[in-house]
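An overview of the molecular structure
Chain by chain, the residues:
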Amino acid sequence: MPKVSRRQFLRTVAFALPAAVIVDTRLIEPTNLRIRQLTAHPNGSIRFIHITDFHHKGNRRYASEVIREINNLSSTFVCFTGDLVEDASYLDDALQFITQIKTPVYGSPGNHDYWCGAPFSKYEQAFSATGGRWLADTSVVLPEHDLELVGMGRAGVPLLKPPQATRRFLLTHYPKSVEDLCDERFDWIMAGHSHGGQVRIPGYGAIALPWGVGRYDLGFFPTEAGPLYVNPGIGTYRIPWRFNCRPEITVVTI
């Protein structure tokens, strides 16, 4: 076997590394699901799943994988924080996948759920079919858990009323909306919208973020309104790439 010089080796690496990164960013990581386990309380009585930003565009194989993973996890309910589709032509298909989830699904809308022009009556029917509910500027009480789920809608701030249960969780699409909650306090706040930036440079972070994110780009943040977790989402928007920012199903015990 002929020897490879150091210069030849470095040249090969220099060409191969960018190619590997491109393959990972475009073909592997966008559908390489991560299951993240968060324990907010070691003796927590509620275990639920948080997903967000599906942005379904017809990839049924990937959508089936997402639903299969959700159903394989033991959870009390599932929370979805917006952007099921960008194009209303994919809504029926996306909602069909939602109805395959075997635990109640509670969802709040994102900007694309409004922008695509799809009727919320379809969302309401599908989420109710799971035993859950579509929460756009409204809330629902789960008496068996002494828990109120509050869903944020178009206003960007929930239409709040006095707490209806001992514990309250907030579903909001926009992470930065926590700064508009004034004196309201929640036991857990979940958001999406940021996609984590989709492409994150090690040691630097997200290359770009959408409006409505602020400093809450990805992960856990203590805030005056309560503990906030920003999920990087299931799908992608505009550019179908992910790097150092895998799609995620978050399992929370609280």
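Residues numbered from 1 in each chain as written. Predicted model: local features only at pLDDT ≥ 70, side-chain atom pairs only at ≥ 80, totals over all residues. Heavy atoms only, no water.

**Section: the side chain of Q198**
So the rule is basically this: Elements are defined by DSSP. Helices are runs of H or I of four residues or more, strands are runs of E of two residues or more, and each kind is numbered from the N terminus. Here a residue-residue contact requires only that any non-hydrogen atoms of the pair lie within 4.5 Å.
With respect to the secondary-structure elements, Q198 resides in the loop between strand 9 (188-191) and strand 10 (200-201). The contact partners of Q198, leaving out residues within four places of it in the chain, are G235, T236, Y237, I239, W241, R242, F243 and C245.

**Some words on the layout of surface pockets**
We count it as follows: Buried and open spaces are told apart on a 1 Å grid over the protein atoms alone, a cavity being a set of points where a 1.4 Å probe fits but cannot get out and a pocket being an open set with protein on both sides within 12 Å along at least five of seven lines. Residues with an atom within 4 Å of a point are the lining residues. Grid points are joined across faces, edges and corners, and a volume is the space filled by probe spheres set on the points. When residues are grouped by polarity, Ala, Val, Leu, Ile, Met, Phe, Trp, Tyr, Cys and Pro land in nonpolar, Asp, Glu, Lys and Arg in charged, and all others, Gly among them, in polar.
Taken as a whole, the largest pocket encloses approximately 530 Å³ of empty space. Around the largest pocket, the lining comprises 21 residues; the ones closest to its centre are A208, L209, P210, Y237 and R238. Here the lining of the largest pocket is composed, by residue class, of 10 nonpolar, eight polar and three charged.

**Focus on the packing of aromatic side chains**
Heads up, the condition is: Ring pairs are drawn from Phe, Tyr and Trp, using the six-membered ring of Trp, whenever the two centres fall within 6.5 Å, and their geometry is named by plane angle: stacked under 30 degrees, edge-to-face over 60, tilted for the rest. Between buried and exposed lies partly exposed: a residue is buried under 20% and exposed over 50% of the maximum accessible area for its type, with that area taken using a 1.4 Å probe on protein chains only.
Evaluated as defined, the whole model comprises 13 aromatic pairs. Geometrically, the ring pair formed by F120 and Y123 is edge-to-face, given 5.2 Å between the ring centres and 65° between the ring planes. Of this pair, F120 and Y123 are both found in helix 5 (residues 120-129), three residues apart, which corresponds to roughly one turn of the helix. Take F120 and Y123: they sit in the same class, and that class is buried. Summarising the aromatic geometry, the rings of Y216 and F221 are spaced 5.4 Å apart at their centres and angled 85° between planes, so their arrangement reads as edge-to-face. Residue Y216 shares its accessibility class with F221, and that shared class is buried.

**Digging into the packing of helix 3 (residues 91-98) against helix 5**
Packed helices, taken two at a time, are described by their axes: the angle between them and the distance between them. What counts is decided by this rule: Only C-alpha atoms enter the line fits that serve as axes; for helices the fit covers just the stretch in contact. Angles between N-to-C directions range over 0 to 180 degrees. For classification purposes, an angle smaller than 35 degrees is called roughly parallel, one larger than 145 roughly antiparallel, one from 65 to 115 roughly perpendicular, and anything else oblique. The crossing is said to be left-handed when, going from far helix to near helix, the turn is anticlockwise and less than a right angle, and right-handed when the turn is clockwise.
Running from amino to carboxyl end, helix 3 crosses helix 5 at an angle of 20°, the nearest separation of the two axes being 9 Å. Relative to helix 5, the element helix 3 lies roughly parallel. In this structure, the crossing between helix 3 and helix 5 has a hand that is right-handed. On helix 5, the residues touching L91, D92, L95 and I98 of helix 3 are K122, Y123, A126 and F127. The residue makeup of the contact of helix 3 with helix 5, split by class, is six nonpolar, no polar and two charged.

**Examining helix 2 (residues 60-72)**
Heads up, the rule is: For a helix, the expected span equals 1.5 Å multiplied by the residue count minus one.
An ideal rise of 1.5 Å per residue puts 18 Å on 13 residues; helix 2 measures up with 18 Å between its terminal C-alpha atoms. Lining the buried residues of helix 2 we find strand 2 (47-51), strand 3 (78-80), helix 3 and strand 14 (248-253).

**Looking at the pairing of strand 13 (residues 226-230)**
Side-chain positions along a regular strand alternate between the two faces of the sheet. This is how it is decided: Only strands joined by at least two bridges in the DSSP assignment are considered to pair.
Counting buried residues along strand 13, five of its five residues qualify, which places the element largely inside the surrounding structure. Bridge analysis of strand 9 against strand 13 gives three bridges, and the strand direction is parallel. Its bridge partner lying in strand 13, A191 is registered against V230. The sheet contact formed by strand 12 (residues 219-223) and strand 13 spans five bridges and is antiparallel. Bridge pairing in strand 13 links T223 to G226.

**As for the packing of helix 2 against helix 3**
For the pair helix 2 and helix 3, interaxial distance at closest approach is 10 Å and the crossing angle is 25°. By the angle between their directions, the pair helix 2 and helix 3 is classed as roughly parallel. Between helix 2 and helix 3 lies a crossing of right-handed hand. Taking contact as the criterion, the partners of R60, A63, S64 and I67 in helix 2 are, on helix 3, D93, Q96 and F97. Grouping the constituent residues of the contact of helix 2 with helix 3 by class yields three nonpolar, two polar and two charged.

**Considerations on the sheet that holds strand 5 (residues 133-134)**
Across the sheet, six strands lie side by side as 1-14-2-3-4-5; this open sheet has mixed pairing. Sheet topology places strand 1 (34-39) and strand 5 at the edges, where each strand pairs with a single neighbour. Contacting strand 1, strand 2, strand 3 and strand 14, helix 2 crosses the sheet at an angle of about 15° to strand 14.

**So, the nonpolar core**
Stated precisely, the cut-off is as follows: To qualify as a nonpolar core, a set must consist of buried Ala, Val, Leu, Ile, Met, Phe, Trp, Tyr and Cys residues joined through side-chain atoms within 4.5 Å.
In this structure, I70, L84, Y123 and I249 are the most contacted members of the largest nonpolar core, which totals 32 residues. Apart from residues no more than four positions distant in its own chain, L84 is found in contact with F54, H55, H56, L91, A94, L95, I98, D113 and Y123. Among the nonpolar cores identified, the runner-up in size contains 18 residues, and Y106, L135, M190 and I254 belong to it.

Everything listed here is a matter of coordinates, which is why it stays silent on function.
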